[in-house]
Amino acid sequence: MKIKIIPEKCIACGLCHSYAPNVFDYYDDGIVKFYDTTLDTLEVSNNYEQQVNQSIKNCPTHAIIRL
Ligand code: SF4
């Protein structure tokens, strides 16, 4: 599964990280980034797909999308 984050839509609520702490991280201002890359797209490993689906579903601003 490939996903994309849209930092311009992020309101720094922290939910995505609470569901998938190994995938989502934050800049100092709380805006979402991926844990291990500064790119906006990521191929999610199978191990984390379920967690990431929860993050996508619960992000209040739809700042995480499946490609
Ligand atoms: S759940 Fe959405 S709005 Fe909240 S920190 Fe993550 S990307 Fe940003």
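See the structure shown above.
Please read all numbers here as calculations on a predicted model, not as lab measurements. (Residues numbered from 1 in each chain as written. Predicted model: local features only at pLDDT ≥ 70, side-chain atom pairs only at ≥ 80, totals over all residues. Heavy atoms only, no water.)

S.K.: When you look at the overall build of the protein in this model, what are you seeing that I'm missing?
M.R.: Of regular secondary structure, the protein possesses two helices and five strands. Mapped from its N terminus to its C terminus, the protein presents α and β elements in the order β-α-β-β-β-α-β. Compactness check: the protein gives a C-alpha radius of gyration of 10 Å against a globular reference of 11 Å for 67 residues, within 12% of the reference. With the C-alpha coordinates aligned to their principal axes, the bounding extent of the protein is approximately 30 × 20 × 20 Å. For the protein, the proportion of its 67 residues judged to be buried stands at 36%. Excluding contacts between residues fewer than 6 apart, the proportion of contacts in the protein whose partners are at least 24 apart in sequence is 61%. Split by element, the accessible area of the protein, about 4200 Å² in all, is 49% carbon and sulfur. Counting 6 positive and 8 negative side-chain charges, the protein places the averaged centre of each group 9 Å from the other. (Helix = DSSP H or I, 4+ residues; strand = E, 2+ residues; numbered from the N terminus. Rg over C-alpha atoms; globule rule 2.2 N^0.38 Å. Buried < 20%, exposed > 50% of the residue type's maximum accessible area, 1.4 Å probe, protein only. Contact = heavy atoms within 4.5 Å. Areas by Shrake-Rupley, 256 points an atom, 1.4 Å probe, with all protein chains shown as cover. Lys, Arg positive; Asp, Glu negative; His and termini not counted. Charge placed at Lys NZ, Arg CZ, Asp CG, Glu CD.)

S.K.: Just checking my understanding: could you explain the site of the ligand for this structure?
M.R.: Around the ligand lies a shell of 13 residues, among which Cys10, Cys13, Gly14, Cys16 and Cys59 are the nearest. Each residue belonging to the shell around the ligand can be placed in one class, and the counts come to eleven nonpolar, two polar and no charged. (Near = heavy atom within 4 Å. Nonpolar A, V, L, I, M, F, W, Y, C, P; charged D, E, K, R; others polar.)

S.K.: Please explain the packing of aromatic side chains as it appears in this structure.
M.R.: Given two aromatic rings, their pairing is described by the distance between the two centres and the angle made by the two planes. Overall, the coordinates contain one aromatic pair when judged by the stated rule. In this structure, Lys33 packs its charged tip against the face of Tyr27, placed 5.9 Å from the ring centre. (Phe/Tyr/Trp six-rings, centres within 6.5 Å; stacked < 30°, edge-to-face > 60°. Lys NZ or Arg CZ within 6 Å of the ring centre and 35° of its normal.)

S.K.: Even after reading the chapter, I still don't get the sheet that holds strand E4 (residues 41–43), so can you show me in this structure?
M.R.: Read from one edge of the open sheet, three strands run E4-E1-E5, paired in antiparallel fashion. The open sheet has two free edges, formed respectively by E4 and strand E5 (64–66), since each of these has just one partner strand. Pairs of neighbouring strands in the sheet enclose a mean axial angle of 25°, with direction left out of account. By the bridge criterion, three bridges tie strand E1 (residues 2–5) to E5 in an arrangement that is antiparallel. Looking across to E5, one finds that Ile3 is bridged to Arg66. Contacts from helix H2 (residues 49–58) reach E1 and E5, with the element oriented near 120° to E5. (Pairing = 2+ DSSP bridges. Axes fitted to C-alpha atoms, helices over the stretch in contact; angles between N-to-C directions.)

S.K.: Where do I start with the environment of Ser55 in this structure?
M.R.: Along the chain, Ser55 turns up in helix H2. For the pair Ser55 and Tyr19, spaced 36 residues apart in sequence, the C-alpha separation works out to 5.8 Å. Sequence-distant contacts of Ser55, defined by excluding residues within four places in its chain, comprise Cys16, Tyr19, Ala20, Phe24 and Ile64. In this structure the side chain of Ser55 is engaged in a polar contact, spanning 3.1 Å, whose partner is the backbone oxygen of Cys16. (Polar contact = N/O pair within 3.5 Å; in protein donor to acceptor, adjacent residues only side chain to side chain.)

S.K.: Whenever I open this one, the nonpolar core confuses me. Can you help?
M.R.: In globular proteins that are soluble, nonpolar side chains generally tend to be buried together. Ile3, Val23, Phe24, Phe34, Val52 and Ile64 are the most contacted members of the largest nonpolar core, which has 18 residues in total. In this structure, Val23 is in contact with Lys33, Phe34, Tyr35, Leu42, Tyr48 and Val52, ignoring residues within four places of it in sequence. (Core = buried A, V, L, I, M, F, W, Y, C linked by side-chain atoms within 4.5 Å.)

S.K.: Would you mind going over unusual backbone geometry with me for this structure?
M.R.: Trans is the prevailing form of peptide bonds, just as negative phi is the prevailing case for residues other than glycine. Unlike most non-glycine residues, Ala12 shows phi in positive territory, near 60°. The class of Ala12 is partly exposed, set by a relative accessible area of 33%.

So far we have only geometry, and geometry alone does not tell us how the molecule works.
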